[in-house]
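Tertiary structure, described
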Amino acid sequence: MFKYQILVEYVGTNFRGWQVQKKGKTIQGLIQEKISDILKQKIILLGSGRTDTGVHAIEQSAHFECKNEIKQFDKFLKSMNHFLNKDGVSILKIRKRKKDFHARFSAKIRIYKYVIINQLSRPVLDKNKCWHIIKKLDLVAMKKGAKNLVGTKDFSSFRASSCRAKSPIKTMKLVKIKSYKNKIEIEFRSQSFLQQQVRSMVGCLKYLGENKWSLKKFKSV
């Protein structure tokens with residue numbers, strides 16, 4: 001068997017997330033189907049993480065195994081992207097990997113970026129790529145809160161009720177907030193995250209930014 005890693009870019013708007021589900025279109029399901037068709041064998045694709053409904057990816061890592069060696073990477077990418085691009089999915093790179101490689105367990109860092117458009121008018125160009133918030137947010141308060149998320153902590157308050165992670169303790173290596181005009185970008189870096197952790201943390205930072213929560217309340221959460 002031969003093992004390959006692919007790096008995938010996608011617009012998640014019309015998908016029910018990454019992971020294959022009984023109903024609905026998923027990124028994993030679509031790519032698996034197309035690789036299986038091209039290689040003429042059943043392929044199981046495993047990703048480095050499970051993005052939720054509507055979440056996009058700049059460089060999602062995934063791997064699969066197949067019986068025959070893929071010798072022409074350019075031809076493989078062109079064939080795959082011919083079928084995937086119309087759905088807003090693109091395979092950027094393919095690499096041959098050793099048998100012990102695993103997209104999920106070999107990952108050293110995962111980076112999530114959450115974008116907020118903070119203005120009165122509804123955004124058009126970034127419509128499906130941001131959270132539109134009308135009320136002016138206090139960036140100073142949000143940045144103070146972000147500092148409290150860095151480090152090894154119990155993130156139970158930020159996990160979904162359906163989260164299956166064995167432990168709620170995660171090490172947040174970086175939480176960075178930067179802004180340009182009306183766009184606020186919040187970047188999170190960790191080796192792994194809990195289900196819906198990023199979404200929940202951003203929601204709580206928003207409460208700080210709206211002055212609905214004090215920094216003391218945020219720290220207690």
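For clarity, every value in this text was computed on a predicted model and none was experimentally measured.

For the protein, the count of helices and strands is 5 helices and 9 strands. Helices (α) and strands (β) of the protein occur, in sequence order from the N terminus, as β-α-β-β-α-β-β-β-α-β-β-β-α-α. Based on the C-alpha atoms only, the size of the protein along its principal axes is roughly 60 × 40 × 30 Å. Across the 221 residues that make up the protein, the buried fraction comes to 42%. Summed over all atoms, the accessible surface of the protein reaches about 13,500 Å², with 50% contributed by carbon and sulfur. A gap of 5 Å separates the mean positions of the 49 positive and 16 negative side-chain charges of the protein.

To continue, consider the pattern of salt bridges. Tallied over the entire structure, the rule returns 9 salt bridges. Across the pair E185 and K113 runs a salt bridge, and its minimum N-O distance is 3.6 Å. In this pair, E185 is assigned in strand β9 (residues 183-190) and K113 in strand β5 (residues 110-118), connecting sequence segments 72 residues apart. Close ionic contact of E210 with K212 constitutes a salt bridge, the shortest N to O distance being 3.4 Å. Residue K212 is classed as exposed on the basis of its relative accessible area of 54%. If you follow the salt bridges from partner to partner, you end up with K113, K178 and E185 in one network.

So, about the sheet that holds strand β8 (residues 169-180). Pairing is mixed in the open sheet, where 5 strands are placed in the order β6-β5-β9-β8-β7. Whereas interior strands pair on both sides, the edge strands pair on one side only; in this sheet they are β6 (131-133) and β7 (151-154). Across the sheet, the mean angle separating the axes of adjacent strands is 35° when strand polarity is ignored. Of the strand pairs in this sheet, β7 and β8 are connected by 4 bridges, and their pairing is antiparallel. Paired with D154 across the bridge in β8 is I169. Across the sheet, helix α3 (residues 139-147) is in contact with β8 and β9; its angle to β8 comes to roughly 160°. Against the sheet, helix α4 (residues 197-209) makes contact with β5, β6, β8 and β9, and its axis sits at roughly 135° relative to β9, the strand it touches most.

Looking now at the packing of aromatic side chains. Taken as a whole, this structure holds 8 aromatic pairs when the rule is applied. For the pair Y4 and F73, a centre-to-centre distance of 6.0 Å together with 85° between the ring planes defines the contact as edge-to-face. Of the two residues, Y4 sits in strand β1 (residues 2-10) while F73 sits in helix α2 (residues 73-84), which places them 69 residues apart along the sequence. Ring centres of F64 and F76 lie 6.3 Å apart, and the angle between their planes is 25°; on these two criteria the pair is classed as stacked. Here F64 is found in strand β3 (residues 57-66), whereas its partner F76 is found in helix α2, with 12 residues between them in sequence. As far as burial versus exposure is concerned, F64 and F76 are alike and both buried. These aromatic residues form a ring-pair network of at least three members: Y4, F64, F73 and F76. The positively charged end of R97 is found above the aromatic ring belonging to F101, 4.9 Å away from the centroid. The ring centre of W213 lies 5.2 Å from the NZ or CZ of K217, which sits over that ring.

Conventions and cut-offs
- Residues numbered from 1 in each chain as written.
- Predicted model: local features only at pLDDT ≥ 70, side-chain atom pairs only at ≥ 80, totals over all residues.
- Heavy atoms only, no water.
- Helix = DSSP H or I, 4+ residues; strand = E, 2+ residues; numbered from the N terminus.
- Buried < 20%, exposed > 50% of the residue type's maximum accessible area, 1.4 Å probe, protein only.
- Areas by Shrake-Rupley, 256 points an atom, 1.4 Å probe, with all protein chains shown as cover.
- Lys, Arg positive; Asp, Glu negative; His and termini not counted.
- Charge placed at Lys NZ, Arg CZ, Asp CG, Glu CD.
- Salt bridge = Lys/Arg side-chain N within 4 Å of Asp/Glu carboxyl O.
- Pairing = 2+ DSSP bridges.
- Axes fitted to C-alpha atoms, helices over the stretch in contact; angles between N-to-C directions.
- Contact = heavy atoms within 4.5 Å.
- Phe/Tyr/Trp six-rings, centres within 6.5 Å; stacked < 30°, edge-to-face > 60°.
- Lys NZ or Arg CZ within 6 Å of the ring centre and 35° of its normal.

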